[in-house]
Amino acid sequence: MCKNFKRLTLGALLSVASLTPIAAFAQADLEITGDGFPDPVVAGTSIVWGMLVQNVGDADATNSTVAIDLGTTTYVSDSAPSGCVLDTGTVYICSLGTVSPSSSVAFGVEATVGADATGSVSALAQAITDADEPNQGNITVLMQAAVSQEFDLGLAVEDDPDPVLAGSGTGNLTHTFT
């Protein structure tokens, strides 16, 4: 048996444990959600990618930004939303500043869907902060919207003979649709 071994009772363990405080470490935790409006969107018209960034942590998320990649099937609008700049061809960088715990920032980026787009369009957004980010699984959102085509159809009707005399009983009336 070891000479330095001391037998501790449950009461002694509990009293030692109660004297040792455990420090809590506060962290920011950004979370981003988003979607495209309208959905479906008509090819050749505008779509707004709406996003909500929340700090679900218990510390400030400092120098927070969102990077939004509009992809190849949408085109940027003529003017960037407030606080956003066009970084490269289809990527916006939007500055959110400091996002306090339990607070959120909502904003949207407008883009034009290509006139030849089919299927769906998408945009990828990522929330970024200088603070330690403990949960990497909720800082990126892929937003998608179905694309529909708008068709301009016309119908013309012609009749022959024109005019037709009522009760004449001669000949046939023909309607031609184009």
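Calculation notes
Residues numbered from 1 in each chain as written. Predicted model: local features only at pLDDT ≥ 70, side-chain atom pairs only at ≥ 80, totals over all residues. Heavy atoms only, no water. Pairing = 2+ DSSP bridges. Helix = DSSP H or I, 4+ residues; strand = E, 2+ residues; numbered from the N terminus. pLDDT = per-residue confidence, 0-100. Disulfide = S-S within 2.5 Å. Buried < 20%, exposed > 50% of the residue type's maximum accessible area, 1.4 Å probe, protein only. Polar contact = N/O pair within 3.5 Å; in protein donor to acceptor, adjacent residues only side chain to side chain. Contact = heavy atoms within 4.5 Å. Patch = residues over 30% accessible without salt bridge, like charges linked within 9 Å, V, L, I, M, F, W, Y side chains within 5 Å. Areas by Shrake-Rupley, 256 points an atom, 1.4 Å probe, with all protein chains shown as cover. Salt bridge = Lys/Arg side-chain N within 4 Å of Asp/Glu carboxyl O. Core = buried A, V, L, I, M, F, W, Y, C linked by side-chain atoms within 4.5 Å.

Each regular strand displays side chains that alternate between the two surfaces of the sheet. Inspection of the sheet shows strand β1 (residues 30-37) paired to strand β3 (residues 46-55) by eight bridges, in the antiparallel sense. Opposite T33, over in β3, you have L52 as the bridge partner. Across nine bridges, the pairing between β3 and strand β8 (residues 104-113) is antiparallel. Each bridged residue has a counterpart across the sheet, and for G50 the counterpart in β8 is G108.

So, on to the confidence of the model for the protein chain. Per-residue pLDDT for the protein chain has a mean of 83; in total, 80% of the residues score no lower than 70. For the protein chain, per-element mean pLDDT is lowest for helix α1 (residues 10-19), which scores 54, and highest for β1, which scores 97.

On to the state of the cysteines, then. If you walk through the whole model with that rule in mind, you get one disulfide. Paired through a disulfide, C84 and C94 show a sulfur-sulfur distance of 2.0 Å. One quick way to see it: the torsion about the S-S bond of C84 and C94 is about 110 degrees, and its sign makes the bridge right-handed. On the criterion of sequence distance, the pair formed by C84 in strand β6 (residues 84-88) and C94 in strand β7 (residues 91-99) is long-range, its members being ten residues apart.

Before going further, it helps to examine the side chain of E133. Position of E133 among the secondary structure elements: in the loop between β9 (120-128) and β10 (140-148). By relative accessible area, E133 is classed as buried at 16%. At a separation of 3.0 Å, a polar atom in the side chain of E133 contacts the main-chain amide nitrogen of L30. Not counting chain neighbours up to four residues away, the residues in contact with E133 comprise A28, D29, L30, N138 and I139.

Another aspect to go through is a nonpolar patch on the surface. Residues L155, V157 and F177 make up a contiguous nonpolar surface patch of roughly 350 Å² in combined accessible area. Its location among the elements puts L155 in the loop between β10 and β11 (157-160). The exposed category is assigned to L155, whose relative accessible area is 67%.

Glancing now at the sheet that holds strand β4 (residues 61-69). Hydrogen bonds between backbone groups are what pair the strands of a sheet, and the pairing can be parallel or antiparallel. Taken together, six strands build an open sheet; the order of strands is β2-β10-β9-β4-β7-β6 and the sheet is mixed. The open sheet has two free edges, formed respectively by β2 (41-42) and β6, since each of these has just one partner strand.

With that out of the way, let us pick up the nonpolar core. W49, M51, V66, I68, F107 and V121 are the most contacted members of the largest nonpolar core, which totals 31 residues. For V66, the residues in contact, after removing those within four places along its chain, are I32, M51, V53, Y92, I93, C94, L96, F107, A125, Q126 and A127.

Let us now look at the environment of A61. By the element assignment, A61 lies in strand β4. By relative accessible area, A61 is classed as buried at 0%. With 69 residues separating them along the chain, A61 and D130 place their C-alpha atoms 7.0 Å apart. What A61 contacts, discounting residues up to four positions off in sequence, is A28, L30, N55, G97, T98, V99, T129 and A131.

In this section: the side chain of D29. Assignment of secondary structure puts D29 in the loop between α1 and β1. Taking relative accessible area as the criterion, D29 reaches 13% and is therefore assigned buried. Contacts of D29, omitting those with residues within four sequence positions, involve Q54, N55, V56, G57, E133, P134, N135 and N138.

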